[in-house]
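Here are the chains, one letter per residue:
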Amino acid sequence: MVLNITVCIIAISVALLAFSIEGKASKAEIVKLKEEIKVLNNNAKEQHQLRSTVYKLKDELNQLYKYKVIYKDKGLFGSRNIEEKYFFDEKSAKEFMEKANIHEEVLIELGEEK
């Protein structure tokens, strides 16, 4: 998220710089634009690597969960979408199921395969 915001800010500054150049650009302005483009390209590569790492960590974390609760949220206008939440132990899963704002809940014990 922070990386996306940084990339957007840099892109906006490059666009503003490009619009501020009237007529012919000076050599310093051209060099600055090229450096900004390099930074954008590097950020895109870093963002891809970061995203890949986050997905791997999420997958590893999901393999540690022992229980899953599938439920429907109660809203003002009836039930919402079907959602799922993962837990490490049965006690916290059952405590979650006792909440008043969910209904039609199902507790699933996850095995070695998930």
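Residues numbered from 1 in each chain as written. Predicted model: local features only at pLDDT ≥ 70, side-chain atom pairs only at ≥ 80, totals over all residues. Heavy atoms only, no water.

## Considerations on the packing of aromatic side chains
Geometrically, a pair of aromatic rings is defined through the distance of the ring centres and the angle of the planes.
So, point 1. Here the structure, examined in full by the defined rule, presents four aromatic pairs.
So, point 2. Ring centres of Tyr-65 and Tyr-86 lie 5.3 Å apart, and the angle between their planes is 25°; this geometry places the pair in the stacked category. Taken together, the residues Tyr-65 in the loop between helix H2 (27–64) and strand E1 (67–75) and Tyr-86 in strand E2 (residues 78–87) connect sequence positions 21 residues apart.
So, point 3. By way of ring pairs, the aromatic residues Tyr-65, Tyr-86 and Phe-88 are connected into one cluster. (Phe/Tyr/Trp six-rings, centres within 6.5 Å; stacked < 30°, edge-to-face > 60°. Helix = DSSP H or I, 4+ residues; strand = E, 2+ residues; numbered from the N terminus.)

## Details of the pattern of salt bridges
So, point 1. Under the definition given, this model contains three salt bridges.
So, point 2. Residue Glu-104 pairs with Lys-72 through a salt bridge whose shortest N-O separation is 3.5 Å. Remark: Lys-72 occurs in strand E1 and Glu-104 occurs in strand E3 (residues 102–109); sequence separation between them is 32 residues.
So, point 3. Residue classification places Glu-104 among the exposed positions, given a relative accessible area of 54%.
So, point 4. According to the relative accessible area criterion, Lys-72 is partly exposed, its value standing at 22%.
So, point 5. Glu-90 serves as the salt-bridge partner of Lys-94, at 3.0 Å between the closest nitrogen and oxygen. (Salt bridge = Lys/Arg side-chain N within 4 Å of Asp/Glu carboxyl O. Buried < 20%, exposed > 50% of the residue type's maximum accessible area, 1.4 Å probe, protein only.)

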